[in-house]
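So the chains spell out like this:
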Amino acid sequence: MTGHSSWKTLKAKRLLEVEADEHPEYTRAVRDMDLGDRLREVRTARNLTQAEVARRAGISQPALSRIELGGGVPTLEMLDRIGRAMGVRFTISVGDDQAEQIDLLAG
C-alpha cells in the first residue's frame, strides 16, 4: 500500500494535471478524496486505528481504508455509523454553495 506522504504527492500531481471545471468525473473524484482525507484526519486526531473504527461501525477495515483513500463512497447510513464509531457528528453540505441553506433534519 502506498504511504500517506506518497498519497499526498500523487494527489497533488493529479490535481495539477487536469482542471476540475473540464471534467465532472474529476470533480467527483476530488470530492471523494477530500472526504476520505477528512475522515482519516478525524480518526487519527482521536487516536483511533482503522481496525477500531471499522469494528465499531460494523464494516471491514479494508472498506474503511478504501473510503479514506477516496476509492469508496460511503452511504449516509455508513457515514453515520463511522461518525458514531469515532464519537463525532458529521455535518455534510450538498448543492450550490451560493444557494439558500435549509436544514432537512431540523424540526
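For the structure, check the block above.
Residues numbered from 1 in each chain as written. Predicted model: local features only at pLDDT ≥ 70, side-chain atom pairs only at ≥ 80, totals over all residues. Heavy atoms only, no water.

**Student:** Is there a simple way to explain a nonpolar patch on the surface in this structure?
**Tutor:** Residues Leu76, Ile92 and Val94 make up a contiguous nonpolar surface patch of roughly 360 Å² in combined accessible area. Mapping Leu76 onto the fold places it in helix 5 (residues 76-86). (Patch = residues over 30% accessible without salt bridge, like charges linked within 9 Å, V, L, I, M, F, W, Y side chains within 5 Å. Areas by Shrake-Rupley, 256 points an atom, 1.4 Å probe, with all protein chains shown as cover. Salt bridge = Lys/Arg side-chain N within 4 Å of Asp/Glu carboxyl O. Helix = DSSP H or I, 4+ residues; strand = E, 2+ residues; numbered from the N terminus.)

**Student:** Sorry, what's going on with helix 4 (residues 61-68) here?
**Tutor:** Spacing of three or four residues puts side chains on the same side of an α-helix, whose turn is 3.6 residues. For helix 4, the full list of buried residues reads Ala63, Leu64, Ser65, Ile67 and Glu68. Two to three positions downstream of the cap, the backbone nitrogen of Ala63 sits 3.1 Å from a side-chain oxygen, assigning the N-cap of helix 4 to Ser60. Taken from the residues just after helix 4, Gly70 is the one with a positive phi, measuring 85°. (Buried < 20%, exposed > 50% of the residue type's maximum accessible area, 1.4 Å probe, protein only. Polar contact = N/O pair within 3.5 Å; in protein donor to acceptor, adjacent residues only side chain to side chain.)

**Student:** So what exactly am I meant to see when it comes to the environment of Arg46 here?
**Tutor:** Structurally, Arg46 can be placed in the loop between helix 2 (24-45) and helix 3 (50-57). Residue Arg46 is classed as partly exposed on the basis of its relative accessible area of 42%. C-alpha of Arg46 to C-alpha of Val88: the two residues are 42 residues apart in sequence and 9.8 Å apart in space. Other than its neighbours up to four places away in sequence, Arg46 contacts Met86, Gly87 and Val88. Only 2.5 Å separates the side chain of Arg46 from the backbone oxygen of Met86, close enough to count as a polar contact. (Contact = heavy atoms within 4.5 Å.)

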